[in-house]
Amino acid sequence: MQPLRYSINVTLDGCCDHRGITPDLELHRRAAEMLARSDSLLFGRVTYEMMEAAFRGPQDEPDPFAAVIDPAKKYVVSSTLSSVDWNAELIRGDLAEAVTALKAAPGQGIHVGGVMLPMALAELGLIDEYEFVVHPRVAGHGPRLFDGLRTPLDLEQVGRQEYASGAVAMRYIPRQATASQDRS
């Protein structure tokens, strides 16, 4: 089964608005390496449209993140879009069923991006790894990461990396996964 990995940039006060954070080239390289570990990307409509506008096609300046995301296979969860392109396939219907089927296919992993879709997937217990890239900034506005989550997530830290910008990437897995691995 492929792991479903989630990574997001966030400020110290939990803001995950892409306009509130400006990743540098070092962080774009790290994000590109992370995406390269996945066979496909999973987005909701808002994130898909934002990523497509920013990274589709040739870039004015070479960007390692754009070089990885542009050709990647993408799945878009949306009930409002009638079609997608940019090497993407539309997903409709039962979210848990669709994502479980994607995870069951052979491969290295799936990367999910965005805010609302990952929260729904977290509540369904479908995310296998979380990465929060915490930036040394207080935005003072939202949206806030996992705002409205109905059930707390208990996570265990499995990795940490600091960057020259002062950002810190922290990787976690759900605690329940650790308990079931200990029994195997």
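Before reading further, recall that the structure is shown in the block above.
Residues numbered from 1 in each chain as written. Predicted model: local features only at pLDDT ≥ 70, side-chain atom pairs only at ≥ 80, totals over all residues. Heavy atoms only, no water.

Caption draft 1: Looking closely at the layout of surface pockets. In this structure, the largest pocket encloses a volume near 930 Å³. Around the largest pocket, the lining comprises 35 residues; the ones closest to its centre are His 18, Thr 47, Met 50, Met 51 and Gly 114. Residue contributions to the lining of the largest pocket peak at 7 residues, all from helix α2 (residues 45-55). Looking at the second largest pocket, its volume works out to about 210 Å³. Along its surface, the second largest pocket is lined by Ala 122, Glu 123, Gly 125, Ile 127, Tyr 130, Thr 151, Pro 152, Leu 153, Asp 154, Leu 155, Pro 174 and Gln 176. Across the lining of the second largest pocket, the residue classes break down as 7 nonpolar, 3 polar and 2 charged. (1 Å grid on protein atoms, 1.4 Å probe; cavity = no way out; pocket = protein on both sides within 12 Å on 5 of 7 lines; lining within 4 Å. Points joined across faces, edges and corners; volume = space filled by probe spheres on them. Helix = DSSP H or I, 4+ residues; strand = E, 2+ residues; numbered from the N terminus. Nonpolar A, V, L, I, M, F, W, Y, C, P; charged D, E, K, R; others polar.)

Caption draft 2: Fine view of the side chain of Arg 30. Counting through the fold element by element, Arg 30 comes out in helix α1 (residues 25-36). Looking at Arg 30, its side chain comes within polar contact range of the side chain of Glu 131, at 2.6 Å. Residue contacts for Arg 30: discarding those within four places in its chain leaves Ser 7, Glu 131, Val 133, Tyr 163 and Ala 169. (Polar contact = N/O pair within 3.5 Å; in protein donor to acceptor, adjacent residues only side chain to side chain. Contact = heavy atoms within 4.5 Å.)

Caption draft 3: Up close: the pattern of salt bridges. Summed over the entire model, instances satisfying the criterion amount to 11 salt bridges. In this structure, Glu 89 and Lys 73 form a salt bridge, with 3.4 Å as the shortest nitrogen-oxygen distance. Residue Glu 89 is located in strand β4 (residues 88-91), and its partner Lys 73 is located in strand β3 (residues 73-77); the two are separated by 16 residues in the primary sequence. By relative accessible area, which is 40% here, Glu 89 ends up partly exposed. We note a salt bridge from Glu 123 to Arg 150, for which the minimum N-O separation is 3.0 Å. Pair noted here: Glu 123 is in helix α5 (residues 116-123) and Arg 150 is in the loop between β6 (129-135) and β7 (155-162), with a separation of 27 residues, a long-range link. Given the relative accessible area of 29%, Glu 123 is considered partly exposed. Classification of Arg 150 as exposed rests on a relative accessible area of 69%. (Salt bridge = Lys/Arg side-chain N within 4 Å of Asp/Glu carboxyl O. Buried < 20%, exposed > 50% of the residue type's maximum accessible area, 1.4 Å probe, protein only.)

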